[in-house]
Amino acid sequence: MFMYEGGYTDGGFQNISLHFFCDTSKLAYSVVVFLRVDIGSTVHIQLVQSKTRIALCGKKETAIARLELLGAAISARLSTTVLKEFPSDNVYFWTDSTTVLA
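Here goes a summary of the coordinates provided. (Residues numbered from 1 in each chain as written. Predicted model: local features only at pLDDT ≥ 70, side-chain atom pairs only at ≥ 80, totals over all residues. Heavy atoms only, no water.)

For the protein chain, the count of helices and strands is two helices and six strands. From first element to last, N terminus to C terminus, the protein chain shows the α and β order β-β-β-β-β-α-β-α. Here the protein chain, with 102 residues, has 25% of them falling under the buried criterion. Summed over all atoms, the accessible surface of the protein chain reaches about 7,100 Å², with 56% contributed by carbon and sulfur. (Helix = DSSP H or I, 4+ residues; strand = E, 2+ residues; numbered from the N terminus. Buried < 20%, exposed > 50% of the residue type's maximum accessible area, 1.4 Å probe, protein only. Areas by Shrake-Rupley, 256 points an atom, 1.4 Å probe, with all protein chains shown as cover.)

Encoded structure:
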């Protein structure tokens, strides 16, 4: 049984997927997780969890590339927790960083 804004539904799922988005700025890095459920011809998206970390400040600023990698790291760690609660074969990680993709 899955609960969404319109109420509860039993089965009829065509596709269930988890989407992890991570991004970074000079001041912080974060990840957000969404659950996407296709029910018939409609799609329901629900925020599952998010994490944010403040970048270290001091005499030297942390490079954006390093912060992007830290964002990807918390995304990977968060995925182990979320996948225990929402087991899915369709898991997607999204980033706009070429450093992380390489």
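And the narrative resumes.
Within the secondary structure, T42 sits in strand β5 (residues 42-54). A distance of 2.9 Å separates the side chain of T42 from the backbone oxygen of I39, its partner in a polar contact. A polar contact of 3.5 Å, which involves the side chain of T42, links it to the side chain of H44. (Polar contact = N/O pair within 3.5 Å; in protein donor to acceptor, adjacent residues only side chain to side chain.)

The next point concerns the pairing of strand β4 (residues 28-39). Direction of pairing for β4 relative to β5: antiparallel, over a ladder of twelve bridges. Looking at the pairing, I39 lines up with T42 of β5. Hairpin connection between β4 and β5: a loop of two residues separates the two successive antiparallel strands, and G40 in this loop has a positive phi of roughly 65°. (Pairing = 2+ DSSP bridges.)

Another aspect to go through is a nonpolar patch on the surface. Judged by side-chain polarity, F21, Y92 and W94 come together as a nonpolar surface patch covering roughly 300 Å² of accessible area. Position of F21 among the secondary structure elements: in strand β3 (residues 13-24). Judged by its relative accessible area of 35%, F21 falls in the partly exposed class. (Patch = residues over 30% accessible without salt bridge, like charges linked within 9 Å, V, L, I, M, F, W, Y side chains within 5 Å. Salt bridge = Lys/Arg side-chain N within 4 Å of Asp/Glu carboxyl O.)

Here we take up the nonpolar core. Counting residues in each nonpolar core, the largest one holds 14 residues, and the members touching the most others are L18, F20, V31, V33, L78 and V82. Listed by contribution, the elements that provide at least two residues to this core are β3, β4 and α1 (64-85). The greatest single-element share of this core, amounting to six residues, is contributed by β4. (Core = buried A, V, L, I, M, F, W, Y, C linked by side-chain atoms within 4.5 Å.)

This part takes up α1. Here α1 contains 22 residues, and its C-alpha end-to-end distance of 32 Å stays within 8% of the 32 Å for a straight helix at 1.5 Å per residue. All buried positions along α1 are accounted for by L67, E68, G71, I74, S75, L78, S79 and V82. (Expected span 1.5 Å × (residues − 1).)

Moving on to the side chain of E68. In this structure, E68 sits in helix α1. Here E68 sits buried without a salt bridge, and the closest side chain of opposite charge, K26, lies 13 Å off (N-O distance). Side-chain polar atoms of E68 contact the side chain of T24, separated by 3.5 Å. Among all residues touching E68, those that are not within four sequence positions of it are D23, T24, T95, D96, S97 and V100. (Lys, Arg positive; Asp, Glu negative; His and termini not counted. Contact = heavy atoms within 4.5 Å.)

With that settled, consider the packing of aromatic side chains. In this description, an aromatic ring pair is defined by two values, namely the gap between the centres and the angle between the planes. Summed over all chains, the structure comprises four aromatic pairs. On the numbers, 6.0 Å between centres and 75° between planes, the contact of F21 with F34 is edge-to-face. Here F34 lies in strand β4 and F21 lies in strand β3, a separation of 13 residues in the sequence. Measuring from centroid to centroid gives 6.0 Å for F21 and W94, while their planes differ by 15°, and the two rings are stacked. Residue F21 is found in strand β3, and its partner W94 is found in strand β6 (residues 90-94); the two are separated by 73 residues along the sequence. By relative accessible area, W94 is classed as partly exposed at 43%. (Phe/Tyr/Trp six-rings, centres within 6.5 Å; stacked < 30°, edge-to-face > 60°.)

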